[in-house]
Amino acid sequence: MRTKKEKRIALLTLSFFIFVCIYLFFHKTPKDFPLGQVVSINSGESLQSITDILHDAHIIKSPFTFRAHVILLGGEKRVIAGDYLLDKREGPADLAYRLVNGKFHLNETKITIPEGWNIFQIGDYLDKNLIDFNKSQFLTLAKNKEGYLFPETYFVSPTAKPDTIINRMNQTFEEKILTVSGIATSSHKLKDIIIMASILENEARTKESRRIVAGILWKRLALGMPLQVDATFSYINGKTSDELTLADLQIDSPYNTYLYKGLPPGPISNPGIEAMNDAVSPIITKYLYFLSSKDGETIHYARTFEEHIANKKKYLK
């Protein structure tokens, strides 16, 4: 016959066993739990739909336990929509608590878009720095916003969607463009100013050189001369001035300013506020040609084509 001590030990053992079973029932996760991924809960989603999403994605093992805990914590209307980072293994009870209390476990990510980047460069950058970013969707949506996505440092959700990023950058552009005072008095259309600023970002590096180059390019347009700027080839085939060949200069593209007169059909990058200011405040000089040195820091100017050829022989040996 068992002693009281043995009965007490047996009872404690049974209680512990029951506790472990209950704990595992509430907290056990599937073996293939998608650790490190993000699950999105849409606004208005029903509790049954949310449960199915979590179960089908192998995030919860017991749909019943998850639903029961959500109901105990306030019901399906308490579930907060958003993106949840699965940064550790959590059972249905823990996940129910997170969804009812909006515990996303996502800190804002700092992204910095430099002046002069085009949508392809921005897309590559966001693809590397955000979680599950849809680059192809970004490029499709941003195609008509080239030049109007303001380069800036932003703090965004690491799971931010393409349309959210585009709207944020475009809204910032709309705010910043109001600070460019020369636009109101300029004889040029806003679209042309943005196109010019996008070219300046890639053709010159200092404020003075951008303003001088702006004066030369506006003058060429007024004279009906082709712009003949190499920067637009970054939008045609991704090449820089040093990489261009004679064959490249014959590529039939509306962005080829050697073949087609006038400005290209749209911006070739997203300019910053300085380039916009420089586009509307050009320095008028006697020059009609310019040539960047191999280091890109110095620009050599010329009044005639003969002087320009002489500069090429002298500085681009």
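First things first, this report covers the structure right here in the doc. (Residues numbered from 1 in each chain as written. Predicted model: local features only at pLDDT ≥ 70, side-chain atom pairs only at ≥ 80, totals over all residues. Heavy atoms only, no water.)

### Concerning the overall build of the protein
What counts here: In DSSP terms, a helix is any run of H or I states spanning at least four residues, a strand is any run of E spanning at least two, and both are numbered starting from the N terminus. As defined in this context, the radius of gyration uses C-alpha atoms, and a globule is described by 2.2 Å times the residue total to the power 0.38. Note on exposure labels: buried denotes an accessible area under 20% of the residue type's maximum, exposed denotes more than 50%, and partly exposed covers the range between, all computed with a 1.4 Å probe on protein chains only. Contacts are residue-level and defined by heavy atoms, with any inter-residue pair within 4.5 Å sufficient. Accessible areas in this description were obtained via Shrake-Rupley with a 1.4 Å probe; residue shielding takes into account the shown protein chains only. For this count, His and the chain ends are skipped, Lys and Arg are scored as positive, and Asp and Glu as negative. To locate a charge, the coordinates of NZ of Lys, CZ of Arg, CG of Asp or CD of Glu are taken.
A count of helices and strands for the protein gives 13 helices and six strands. Against the compact-globule benchmark of 20 Å for 317 residues, the protein has a radius of gyration of 30 Å, which places it well outside the compact range. By the burial criterion, 42% of the 317 residues in the protein qualify as buried. For the protein, long-range pairs separated by at least 24 residues make up 63% of all intrachain contacts whose partners lie at least 6 apart in sequence. A total of about 17800 Å² of accessible surface is found on the protein, and carbon and sulfur atoms cover 55% of it. Taking the 40 positively charged and 35 negatively charged side chains of the protein as two groups, their mean positions are separated by 6 Å.

### Thoughts on the packing of aromatic side chains
Going by this rule: Two rings belonging to Phe, Tyr or Trp (six-membered ring only in the last case) form a pair when the distance between their centres is within 6.5 Å. Interplanar angles under 30 degrees mark stacking, angles over 60 mark edge-to-face geometry, and anything in between is tilted.
The full count for this structure, using the stated rule, is nine aromatic pairs. Summarising the aromatic geometry, the rings of Tyr-148 and Phe-173 are spaced 5.1 Å apart at their centres and angled 80° between planes, so their arrangement reads as edge-to-face. Of this pair, Tyr-148 sits in the loop between α6 (135-142) and β4 (153-156) while Phe-173 sits in helix α7 (residues 162-176), and the two are 25 residues apart along the sequence. Like Phe-173, Tyr-148 is buried.

### Some points on helix α5 (residues 119-129)
Threshold: The arc in question is formed by the directions pointing from the helix axis toward the C-beta atoms. As used in this structure description, the phrase polar contact means that two N or O atoms lie within 3.5 Å; if the pair is within protein, one of them must be able to donate a hydrogen and the other to accept it, and residues adjacent in sequence are counted only when both atoms belong to side chains.
Within the span of α5, buried status applies to Ile-119, Ile-122, Gly-123, Tyr-125 and Leu-126. Looking straight down α5, one finds its buried side chains confined to an arc of 165°; they lie on one side. The inward-facing, buried residues of α5 contact β3 (109-112), α6, α7 and α11 (233-236). With a side-chain oxygen lying 3.0 Å from the backbone nitrogen of Phe-120, the N-terminal cap of α5 falls on Asn-118.

### Remarks on the environment of Thr-245
Of note, Thr-245 is situated in the loop between α11 and α12 (273-279). Put simply, Thr-245 and Arg-210 are 35 residues apart on the chain and 25 Å apart in space, counted from C-alpha to C-alpha.

### Description of the nonpolar core
Test applied: By nonpolar core we mean a set of buried residues, namely Ala, Val, Leu, Ile, Met, Phe, Trp, Tyr and Cys, connected to one another through side-chain atoms within 4.5 Å.
Ranked by internal contacts, the top residues of the largest apolar core, which has 51 residues, are Leu-126, Phe-138 and Ile-165. Within the residue set of this core, elements represented by two or more residues are α5, α6, β4, α7, α9 (190-203), α10 (207-223), α12 and β6 (299-302). With seven residues, α9 is the largest single contributor of residues to this core. Ignoring sequence-local partners within four residues, the contact set of Leu-126 consists of Ile-111, Phe-133, Phe-138 and Ile-165. The next biggest cluster of nonpolar side chains, apart from the first, holds 17 residues, and it includes Leu-47, Tyr-84, Leu-86 and Ala-96.

### Here's the deal with the pattern of salt bridges
Rule in force here: The rule for a salt bridge is simple: a side-chain nitrogen of Lys or Arg has to be within 4 Å of a carboxyl oxygen of Asp or Glu.
According to the stated counting rule, one finds nine salt bridges in the structure shown. A salt bridge links Glu-90 to Arg-98; its shortest N-O distance comes to 2.7 Å. Among the residues examined, Arg-98 registers a relative accessible area of 2% and is labelled buried. Lys-207 serves as the salt-bridge partner of Glu-274, at 3.4 Å between the closest nitrogen and oxygen. Separated by 67 residues along the polypeptide, Glu-274 in helix α12 and Lys-207 in helix α10 bring together distant segments of the chain.

### A word on the side chain of Arg-210
Its place among the elements puts Arg-210 in helix α10. For Arg-210, a relative accessible area of 9% gives the class buried. In contact with Arg-210, not counting residues within four places along its chain, are Leu-200, Ala-204, Arg-205, Glu-274, Ala-275 and Asp-278.

### Here we look at unusual backbone geometry
Residue His-58 is not a glycine yet carries a positive backbone phi of 60°. Looking at where His-58 falls in the secondary structure, it is placed in the loop between α2 (47-56) and α3 (63-72). Of note, the phi angle at Gln-228 is positive, near 50°, even though the residue is not glycine.

### What to know about α9
Cut-off, in case you're wondering: By this rule the span expected of a helix is its residue count minus one, scaled by 1.5 Å.
Along its 14 residues, α9 runs 20 Å from first to last C-alpha, staying within 8% of the 20 Å computed at 1.5 Å per residue. Residues of α9 that are buried: Ile-193, Ile-194, Ile-195, Met-196, Ala-197, Ser-198, Ile-199, Leu-200, Glu-201 and Glu-203. Summarising the contacts, the buried residues of α9 are in contact with α7, α8 (182-185), α10, α12, β5 (289-292) and β6.

### Thoughts on the pairing of β6
Selection rule: Two strands are counted as paired when DSSP detects at least two bridges linking them.
Alternating residues of β6 divide into Ile-299 and Tyr-301 and His-300 and Ala-302, and every residue in both groups is buried. Strand direction decides the pairing type here: β5 and β6, joined by four bridges, are antiparallel. Considered in β6, the bridge of Phe-290 is made with Tyr-301.

### Some thoughts on the environment of Phe-233
The residue Phe-233 is located in helix α11 in this model. Each C-alpha atom of the pair Phe-233 and Tyr-255 lies 7.3 Å from the other, and the pair is 22 residues apart in sequence. Residues within four places of Phe-233 in sequence aside, it is in contact with Gly-238, Lys-239, Leu-244, Asp-248, Leu-249, Asn-256 and Tyr-258.

In short, shape yes, function no, at least from these values alone.
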